[in-house]
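Chain and residue survey
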2 protein chains.
Amino acid sequence: MRTIRSSLLVLGFAILASCADHKPAVESVTVPAATSSSGIGLPSWNDTPTKHAIVDYVARVTRLGSSEYVSPEARIAVFDNDGTLWLEQPAYTQLVFIFQRVHVLAPVHPEWNTEELFRSILKGDMNGVAATGEEGLTKLLAATHAGMSTDAFAQIVHNWFETAKDRRFDRLYTELAYQPMIEVLRYLEANGFTNYIVTGGGVEFVRAISQSVYAIPPEHVIGSTVKYKYSIMDGVPTLLRLAQIANINDGPGKPQTIEAVIGRRPLMAFGNSDGDQQMLEWTAAGSGARFAALVHHTDGEREYAYDKASKVGKLDKALDEANSKRWTVIDMQKDWNTMFVPVSAQPTQPTQPAQTK
Amino acid sequence: MRTIRSSLLVLGFAILASCADHKPAVESVTVPAATSSSGIGLPSWNDTPTKHAIVDYVARVTRLGSSEYVSPEARIAVFDNDGTLWLEQPAYTQLVFIFQRVHVLAPVHPEWNTEELFRSILKGDMNGVAATGEEGLTKLLAATHAGMSTDAFAQIVHNWFETAKDRRFDRLYTELAYQPMIEVLRYLEANGFTNYIVTGGGVEFVRAISQSVYAIPPEHVIGSTVKYKYSIMDGVPTLLRLAQIANINDGPGKPQTIEAVIGRRPLMAFGNSDGDQQMLEWTAAGSGARFAALVHHTDGEREYAYDKASKVGKLDKALDEANSKRWTVIDMQKDWNTMFVPVSAQPTQPTQPAQTK
């Protein structure tokens, strides 16, 4: 089994101990009424240099006859997910899923009561969980993400997202996507771009909601993967999920996976943490005009304010590089007049994941 | 390093010894004038039940109001490459590339003269090559597919394809795609399908020609992959190709990679060998109407006739399963009135691979 050091999950795992008693600075906030995203504008963006940087860049590469013109098939834009397209504080959504799954599964696993890792989770003792380290993480992966078919896992995740809520905002996790970023997705599509989500999270976890939340189809979600085992079970061809990491899509893994899956270097890249640094570097270093942007979490009132000192979504070296290379830094407080998607924008009937199976 | 037993390359490697003295049964053939593929018909297909099976299936799943209707975003069709979309006899094109690269690189590798593997290749002693086994293959991978940047490798492959010719047909390898299959690609696109190439060959090798030969963009090519290493070289972000296999996309690997990359089960699958069996099984086992087809090489005059006894593109168990499960079996001799693409259909200016870098 591949060592999962430095992976998103390890990071998230270590964070949990420090987050266990986390109290958001602002317990109750008023979420501003969302601006309509109809049309192809960027109404949730204030009229600041950041918005102009996006609009100007798109104009430069899409204007026919321009020396910087890029044909539509090469207009690839990549977006990190946690902290870039949706909330990642106080813990990555997938980590919340893992812990809640342990609670759900505990009744059929009486042996967990005598195992330190699971006992700690069930007692809410995050320090005890963190102390189990990578070995603990492997066990959690096996317990919550493996041992079932790909179809069964997709259904489990789908069902979880239907009711799982963030406590501070009292919203479903699927309602904590950033409205201004959704507008960027639509704006780029209207300008001939193809958008990909390039997440450190599990690819199937994000695919479960990519269409309903972002209108991005599963084949345009790139993420971390477990290994599958193809087998005929009771006469039925099945892909079984194994408790083995196949690919960790974080840090230098992001450009590597982009090359393996897309085979083109992106024109535009959006991230928010040091885990996105190499993806932005790789994008920005391409020939011609390129665009790299970091979402800087500066709004402790409407969301969270964090960067260099944060354990979740740490933004340190990438911020320094953004400043020295003049990448675009999106100041959430100053640049966005709306934070989250309007709740009414959520479809009442989420797509069944098994529909095309 | 992952064991590469049972991989396409190992298979191809073992084959070489038997192919070294291979003389095609027909040394010189007249390639029939290609039928124009303009429009969205299937002019190179004879009016046989096979053609009707394709047309009827497409009609069933695209007819609005039909109980078997499938929405366009779920209309995924997957195609094996070697032997399904283009010639694979007497040896896989990528294997020819490997051996020719060794000849090209030999002058700067004087040490190869004292190494049995390379000496055998340079002398044309294929039995000696095969005797080096997996260890030899690993060395060949390192010598020909690794140690350079992804951009540099793409350029090497691109340049090779510009002049490399098959001896029997005296055509560029890129001119040995099957015209009837190209028509199927276009026919499906015209009916709202998205086509993916799912090849056992290296993904970058096939991407080098996928747009110019098949009009399929790089992001719709899924294949075997080596590992990359992201690093900053002389200040430039670079993806270095390592001599390590990341994924072997053959046999059960095909449905596994399809799930990891696309995240949807295909509606239609086309293959030609036992390496495609699981991809066809996985496709056919989906809910609703599905379509699985094997290209059966039955035409020793115009191409090659082979199946169960062949070492290249062996079609044995998959053919039995096709017969028992009533998958469509394409009889190249009876079903196709044209074999290869018209030479004039090749663009005179192939796309430069580095264009979007």
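Remember, it's a predicted structure, so these values are computed and weren't measured experimentally.

Cut-off values and rules
- Residues numbered from 1 in each chain as written.
- Chains lettered and ligands numbered in written order.
- Predicted model: local features only at pLDDT ≥ 70, side-chain atom pairs only at ≥ 80, totals over all residues.
- Heavy atoms only, no water.
- Phe/Tyr/Trp six-rings, centres within 6.5 Å; stacked < 30°, edge-to-face > 60°.
- Helix = DSSP H or I, 4+ residues; strand = E, 2+ residues; numbered from the N terminus.
- Buried < 20%, exposed > 50% of the residue type's maximum accessible area, 1.4 Å probe, protein only.
- Lys NZ or Arg CZ within 6 Å of the ring centre and 35° of its normal.
- Least-squares fit on C-alpha atoms with pLDDT ≥ 70 in both.
- Contact = heavy atoms within 4.5 Å.
- Buried area = accessible area lost by both parts, 1.4 Å probe.
- Salt bridge = Lys/Arg side-chain N within 4 Å of Asp/Glu carboxyl O.
- Polar contact = N/O pair within 3.5 Å; in protein donor to acceptor, adjacent residues only side chain to side chain.
- Nonpolar A, V, L, I, M, F, W, Y, C, P; charged D, E, K, R; others polar.

Taken as a whole and judged by the stated rule, the model has 36 aromatic pairs over all chains. Geometrically, the ring pair formed by A:Y178 and A:F340 is stacked, given 5.9 Å between the ring centres and 20° between the ring planes. Note that A:Y178 is positioned in the loop between strand 3 (171-172) and helix 8 (179-190) and A:F340 in the segment after helix 13 (332-335), a separation of 162 residues in sequence. A:F340 matches A:Y178 in its accessibility class, with the two residues each being buried. Judged by centre distance (6.1 Å) and plane angle (45°), the rings of B:W160 and B:F205 are tilted. A residue pair is termed long-range when its members are at least 10 positions apart, and B:W160 in helix 7 (residues 150-163) and B:F205 in helix 9 (residues 203-214) qualify at 45 residues. Of the two residues, B:W160 and B:F205, neither departs from the other in class, the shared state being buried. Linked through ring pairs, A:W86, A:F97, A:F153, A:W160, A:F161, A:Y173, A:F205 and A:Y214 together constitute an aromatic cluster. The ring of B:Y304 has B:R168 lying over it, and the distance from NZ or CZ to the ring centre is 4.5 Å. Positioned above the aromatic ring of B:W282, the side-chain terminus of B:R265 is 3.6 Å from the ring centre.

A word on the relation of the copies chain A and chain B. Between chain A and chain B, the superposition needs a rotation of 180° and an axial shift of 0.0 Å, giving an RMSD of 0.0 Å. Put plainly, the chains are arranged around a two-fold axis. For chain A, the smallest separation between a C-alpha atom and the rotation axis is recorded for A:V261, amounting to 3.4 Å.

So, about the interface of chain A and chain B. With 38 residues of chain A in contact, the opposing surface of chain B contributes 38 residues. Between chain A and chain B lies a buried interface of about 3300 Å² when both sides are counted; carbon and sulfur atoms form 52% of it. Counting the contacts that link chain A with chain B gives 4 salt bridges. In this structure, B:E219 engages A:R264 in a salt bridge whose closest nitrogen and oxygen atoms are separated by 2.9 Å. Our enumeration of links across chain A and chain B arrives at 14 residue pairs in polar contact (both at pLDDT 80 or more). Listed by contribution, the elements that provide at least two residues to the side of chain A that touches chain B are helix 7 (150-163), helix 9 (203-214), strand 5 (221-233), strand 6 (236-247), helix 10 (253-261) and helix 11 (277-284) of chain A. For the side of chain A that touches chain B, a count of residues per class yields 17 nonpolar, 10 polar and 11 charged.

So, on to the side chain of B:T238. Mapped onto the elements of the fold, B:T238 is located in strand 6 (residues 236-247). Take B:T238: its relative accessible area is 12%, and that puts it in the buried class. Of note is the side chain of B:T238, whose polar atom sits 2.9 Å from the backbone oxygen of B:V236. B:T238 has contacts with A:W282, B:S149, B:K229, B:Y230, B:S231 and B:M233, leaving out every residue within four places of it along the chain.

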